[in-house]
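# Geometric and topological summary
Listed here are the chains, written in short residue letters.
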Amino acid sequence: MPVLYADPWNPEFGMGYDAALEDSPLPRADPFVESTDWSRPLTASSAGPEPVWFVDGVRRVDLRILADEGERRVPGLFGSYAVGAVRCDGAAAFDRHRVCRAVIVAGGMRQDGVDVRCGARSLMFEPATASRSDPNAPLDKLQELMRVAEQNLSAELVGSGAPLVLADGPLRLGEEVAERGAPVVGVVKRFVRQYLEPAEEALLTKLGPGDRTPVFALLDREDSVRGYSWYARLVELRPPWHDHAGVVRCEVRAGVGLEPAVGLAERVTALLPSYAGRPSDPRAPQNLAPVAALEEWLKHRMGHRWLVRRALLTHLLGTEG
Amino acid sequence: MAEHEDDPRQEASERVGMVLGTEDSTPLTFWVGVSEDSYLQLDDAVIVDTEVPGRGTIRISGIVQDARARHEGASFDTDVFLVERGVLPVDTAVSAQVVATRFEPEVYVPPMPGLPAFRARGADRDQAMYFDQMGRRVPAGLSRDGEPMFLDLDFLDGSRGAHVNISGVSGVATKTTYALFLLYALFHSEVLGSYAVNTKAIVFNVKGEDLMWLDKPNARLTEDQRADYGRLGLPVGPFSSVGLWAPPRPGSAVPQVESRSEGVTSYYWTLREFVREKYLRFLFAEAEDERSQIADLVARVESYLDRECTDDPEHDATVVYGGYPVKDFASLCELIRENVEDEHSTWRGRLADSTVAAFVRRLDAGRFRMGHLIWGREAENPAAHRIDWESNQVTVVDIHNLHDRAKRFVTGVVIKRLFEHKERMGRREPLTFLVLDELNRYAPREGWSPIKEVLLDVAERGRSLGMILIGAEQTASEVERRVISNAAYRVVGRLDTAEAQRSEYGFLPAVTRARASILKPGSMILQQPHIPIPLQIRFPFPSWATRAEEAAPAATEDPFAAFGTD
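Note that the structure is a prediction, hence the values are computed from the model and not measured.

Calculation rules
Residues numbered from 1 in each chain as written. Chains lettered and ligands numbered in written order. Predicted model: local features only at pLDDT ≥ 70, side-chain atom pairs only at ≥ 80, totals over all residues. Heavy atoms only, no water. Helix = DSSP H or I, 4+ residues; strand = E, 2+ residues; numbered from the N terminus. Buried < 20%, exposed > 50% of the residue type's maximum accessible area, 1.4 Å probe, protein only. Contact = heavy atoms within 4.5 Å. Areas by Shrake-Rupley, 256 points an atom, 1.4 Å probe, with all protein chains shown as cover. Lys, Arg positive; Asp, Glu negative; His and termini not counted. Charge placed at Lys NZ, Arg CZ, Asp CG, Glu CD. Axes fitted to C-alpha atoms, helices over the stretch in contact; angles between N-to-C directions. Parallel < 35°, antiparallel > 145°, perpendicular 65-115°, else oblique. Nonpolar A, V, L, I, M, F, W, Y, C, P; charged D, E, K, R; others polar. Buried area = accessible area lost by both parts, 1.4 Å probe. Salt bridge = Lys/Arg side-chain N within 4 Å of Asp/Glu carboxyl O. Polar contact = N/O pair within 3.5 Å; in protein donor to acceptor, adjacent residues only side chain to side chain. Pairing = 2+ DSSP bridges. pLDDT = per-residue confidence, 0-100. Phe/Tyr/Trp six-rings, centres within 6.5 Å; stacked < 30°, edge-to-face > 60°. Expected span 1.5 Å × (residues − 1). Left-handed = near helix turned anticlockwise from the far one by under 90°. Domains from an automatic or database assignment.

### With respect to the overall build of chain B
- Each helix and strand in chain B was counted, giving 16 helices and 23 strands.
- The dimensions of chain B, computed from C-alpha atoms along their principal axes, are 95 × 80 × 50 Å.
- Looking at chain B as a whole, 56% of its 566 residues are labelled buried.
- Expressed as a percentage of contacts within chain B between residues at least 6 apart in sequence, the contacts between residues at least 24 apart total 72%.
- Surface summary for chain B: the accessible area is close to 24500 Å², and the carbon and sulfur share equals 48%.
- Measuring between centres, the 65 positive side-chain charges of chain B sit 5 Å from its 87 negative side-chain charges.

### Considering the packing of helix 8 (residues 329-341) of chain B against helix 9 (residues 353-370) of chain B
Residue and element names in this part refer to chain B.
- Closest axis-to-axis distance for the helix 8/helix 9 pair is 11 Å, and the angle between their directions is 175 degrees. It follows from the interaxial angle that helix 8 and helix 9 lie roughly antiparallel. Taking contact as the criterion, the partners of F329, A330, C333, E334, I336, R337, V340 and E341 in helix 8 are, on helix 9, V356, F359, V360, L363 and R367.
- Here the contact of helix 8 with helix 9 is composed, by residue class, of nine nonpolar, no polar and four charged.

### Section: the interface of chain B and chain A
- Taken residue by residue, the interface counts twelve residues in chain B and 16 residues in chain A.
- Buried surface at the junction of chain B and chain A, summed over both partners, amounts to about 1000 Å²; 60% is from carbon and sulfur atoms.
- Across the chain B-chain A interface, the total number found is two salt bridges.
- With a closest N to O distance of 3.9 Å, D91 of chain B and R301 of chain A form a salt bridge.
- Taken together, the links from chain B to chain A amount to two residue pairs in polar contact (both at pLDDT 80 or more).

### Focus on the pattern of salt bridges
Residue and element names in this part refer to chain B.
- Applying the stated criterion across every chain, the model contains 69 salt bridges over all chains.
- Notably, a salt bridge pairs R68 with E23, separated by 3.1 Å at the nearest N-O pair. With a gap of 45 residues between them, R68 in strand 4 (residues 56-72) and E23 in the loop between strand 1 (14-19) and strand 2 (29-34) connect regions that are remote in the sequence.
- Between R276 and D306 there is a salt bridge, and its shortest N-O distance comes to 2.8 Å. Here D306 lies in helix 7 (residues 294-308) and R276 lies in helix 6 (residues 271-276), a separation of 30 residues in the sequence.
- The network of salt bridges with shared partners includes E14, D44, R119, R121, D145 and E147.

### Some remarks on the sheet that holds strand 14 (residues 309-311) of chain B
Residue and element names in this part refer to chain B.
- With antiparallel pairing, the three strands of this open sheet are ordered in space as 14-15-16. For this open sheet the edge positions go to strand 14 and strand 16 (324-326), each flanked by a neighbour on one side alone. Each neighbouring strand pair of the sheet contributes to a mean axis angle of 40 degrees, computed without reference to strand direction.
- Running at roughly 45 degrees to strand 14, helix 7 makes contact with strand 14 and strand 15 (319-321) of the sheet.

### Some remarks on the confidence of the model for chain B
All names here are of chain B.
- For chain B, the mean per-residue pLDDT works out to 86, and 94% of the residues sit at or above 70.
- In this model residues 1-11 is a low-confidence stretch, pLDDT under 50, and it forms twelve contacts with partners more than four residues away in sequence or in other chains.
- Scoring the predicted complex yields pTM 0.77 and, for the interface, ipTM 0.78.

### Quick notes on the packing of aromatic side chains
All names here are of chain B.
- Under the criterion given, the structure shown has 24 aromatic pairs over all chains.
- Ring centres 5.0 Å apart and planes at 50 degrees place the aromatic pair Y178 and F539 in the tilted group. Of this pair, Y178 sits in helix 4 (residues 175-188) while F539 sits in the loop between strand 23 (535-538) and helix 16 (548-551), and the two are 361 residues apart along the sequence.
- Assessed through its relative accessible area of 8%, F539 is described here as buried.
- Ring geometry for Y279 versus F409: centroids 6.4 Å apart, planes at 90 degrees, classification edge-to-face. You can see Y279 sitting in the loop between helix 6 and helix 7 and its partner F409 sitting in helix 10 (residues 404-425), a full 130 residues away along the chain. Residues Y279 and F409 agree in their burial class; the two are buried.
- Clustering of aromatic rings is evident, with ring pairs tying together Y267, W269, F274, Y279, F329 and F409.

### Some thoughts on the side chain of K200 of chain B
Residues and elements named next belong to chain B.
- Inspection of the secondary structure puts K200 in strand 10 (residues 200-205).
- For the buried K200, no salt bridge exists, and the shortest N-O distance to an oppositely charged side chain is 5.1 Å, to E390.
- At 3.2 Å, the side chain of K200 and the backbone oxygen of V197 are in polar contact.
- If we skip the residues at most four places from it in the chain, K200 touches F187, W389, E390, N392, Q393, L431, T432 and F433.

### A word on the pairing of strand 9 (residues 165-168) of chain A
All names here are of chain A.
- Side chains V165 and A167 of strand 9 all project onto a buried face; the interleaved residues L166 and D168 project onto the opposite face, where all are buried too.
- For strand 9 and strand 10 (residues 184-188), the ladder comprises four bridges, and the chain directions are parallel. Bridge pairing links A167 to G186 in strand 10.

### A word on helix 10 of chain B
Residue and element names in this part refer to chain B.
- Across its 22 residues, helix 10 extends 32 Å between first and last C-alpha, which sits within 8% of the 32 Å expected from 1.5 Å per residue.
- Buried residues dominate helix 10, accounting for 17 of its 22 residues.
- Remark: G426 follows helix 10 within two positions and exhibits a positive phi of approximately 70 degrees.

### Overview of the packing of helix 7 of chain B against helix 9 of chain B
All names here are of chain B.
- Packing of helix 7 against helix 9 leaves a shortest axis separation of 10 Å and a crossing angle of 70 degrees. The orientation of helix 7 relative to helix 9 falls into the category roughly perpendicular. The chirality of how helix 7 crosses helix 9 is right-handed. Between helix 7 and helix 9, the contacting residues are I294, L297, V298 and V301 on the first element and T355, V356, A358, F359 and R362 on the second.
- Within the contact of helix 7 with helix 9, the residues separate by chemical class into seven nonpolar, one polar and one charged.

### Some words on unusual backbone geometry
- Put simply, A284 of chain A and P285 of chain A share a cis peptide bond, and its omega is -5 degrees.
- Geometrically, the link from E104 of chain B to P105 of chain B is a cis peptide bond, its omega value of -10 degrees lying close to zero.
- Take P105 of chain B: it is sitting in the loop between strand 5 (91-104) and strand 6 (116-119).
- Its identity as a non-glycine residue notwithstanding, K278 of chain B has a phi of 60 degrees, on the positive side.
- Phi angles above zero are rare outside glycine, and E438 of chain B is one such case at about 55 degrees.
- Tracing the backbone shows E438 of chain B in the loop between strand 19 (432-436) and helix 11 (439-442).
- We classify E438 of chain B as buried; its relative accessible area is 15%.

### Topic: the domain arrangement of chain B
Residue and element names in this part refer to chain B.
- In terms of domains, chain B is made up of domain 1 (9-128), domain 2 (162-261 + 387-551) and domain 3 (269-375).
- One C-alpha centre belongs to domain 2, the other to domain 3; they are set 32 Å apart.
- Its largest share of buried area at the contact with domain 3, domain 2 owes to R405, F409 and W448, together 34% of the area lost on that side.
- Put simply, domain 2 and domain 3 have zero salt bridges between them.
- Between domain 2 and domain 3 we count two residue pairs in polar contact (both at pLDDT 80 or more) in total.
- Residue assignment for the side of domain 2 that touches domain 3 shows that the elements contributing at least two residues are helix 10 and helix 12 (450-465).

Here it is in structure tokens:
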């Protein structure tokens, strides 16, 4: 087993803090699966309020480490992540949630779980390995663990009867999942890459709140459809903003089918404006209000950062040499 | 901790939450997070058992002083609207601040965060409120959740303390009604034991004729109100032994009472009593500067009168001066005036003309305002009209119709007689209670007056003499400090907001002060020596009548039923 050494730096500094933005394995889009008319927005016809579950996750690097095994030295980290759901069916309430901890080492090195005493309780850090060994590899692995946990939670909610789940962030369309037809919609806040040609993308400027673009298909390298996507506007575009502000991109798995995907697009586009992020939110309005509250709530449940960090340092002191 | 199956507390006290760890927990105050399926309200008694290494289990008892609820996770005021629309999920936290009242055994440690907190019931509640340590408990009212509250007689009868002081705005504070409820509880519970029969109370009726019906049951009492008495272990009914006294109508011995004609006796004093008992000073009973020389002159005149007047052999009520009988009060005043205005008279001594003039002015005013209370030859049976507090348990002396001067005279004379009587008896029991509203009039903070002197005597020495003052006033800030500070029990009804900020109410914590300004009639805040924080209580609706309509027998459905149907 490797020997773990703590990096004294605050994890917010140093080795790069953001996980690599997901590089989509879906290089192409087919804009004309629903309609060829991209000249005007489609206004979602609301069927009235309906129950909806929001799913999100948060993660945190508690301590960066270096793992030494013989001649090899790879980066790693102790991290915490939490995923949870908010049920909105007239009243908004926190629903299921899960707090997990992981000790991650890079370069495929094997590592055991670590049981760390913290106050009157102990925290179990489950082992995980990142295959790459670059400095960002452990963080990317943590991000992936969180994404998987989110995906599992969404599936669990659908399994127990949730009619609609809005997951924060992209859906990992490149991978095969069991319930491909589940009504799970990924709501993506950021423009990572351009899917549309300028001719179609011009429509985004014309979207009003509750409007959407036609549904377009996302294709992989083999040109097979992996998902359907659309853009929707949450709030009125205000003068100083760029024309993509206040717009989110939604996506569903291809397994849902085109027609149901268009149906979901209608329902979700109509729903979204009422859940738009509060102006006080630094990521308003795309950071939806239930999601913002859920993030705070989950962060709190991961425990106090410095208490966990101190417990880890104490633990490493005890095991060293 | 919660697993105690055989813990007797589980039968009565119920778990309501846990000691918070996000607010400082100190030995004297701590916060309890209230669980979702439970509640704590102001004045609830709470207990927490905490383990102290090496000392075992310490039970901390306390009383809820404040309670709050808030959204957790919402940071902006507008969030509440999002929550209501079902957009923003939040947690709602309810917590209550507890002020510790008791540590058993006395180890002053804070309760540990996370310990379960219980709402105290039964024996636990008695312990939290120290009722278990009260050997002789007087029902004092009901807590807001309907549980009985008690006073410790030891702190009322002079063994360890005495006197009650009640403050509050007129009309809504129900000060006199509460004072009477206390008397009722004393006289109609078993607490006084064998002394009950001989314990007396004198009540001055200063407003309206509310107290002239104490001997009649209240026909308008509802079933719920009757049940309140049951919970306190008191019978429902009027005062069992009442004497009612009112001033005479001018020119006759008929009592001046509007609402009832029977059962009331008129009171007056005779000229002879006035001279022998030295009542002249109570004619001069308005507050004076202590340096005023009028008091000297009054004392001189009193002693000359006593020395130079002889008893009238022809009438019990009058005296003879210089060989001639003094037949009425006007003649007596005239006699006094002549003597003090005579520059060569020894009566006036070396006092200045201005002092004498002031004396005569007041004498004339007194004669005009209360001449009808001092009778001479016209008195036919003076003994029957002397206020007799011995033959009834409660004696009501009505003064509400009298002029201010006459009110002072009556209260001054009665309290002085009573005090001298207790002084002669020389022992505490049986007790005598004195109920006096408008203390600010009789014992004002500024100045000196003969009544204030008597009241100070009662406040300071009454404890050992068994003379207990139940005093009331609108504003404690206007009453002599020593009268108030000698009261073991402080009671506050509805208070004016500005008045509540004064230092006289320093015993009320800020939250309680705020509550004092919204108290409803029938609710009081009671501060007792045992319990470190004042508690809100309510007392039952009077089971005795407070006006003619209530004294009437319960009306039947059909007012003509008594006439028969055919």
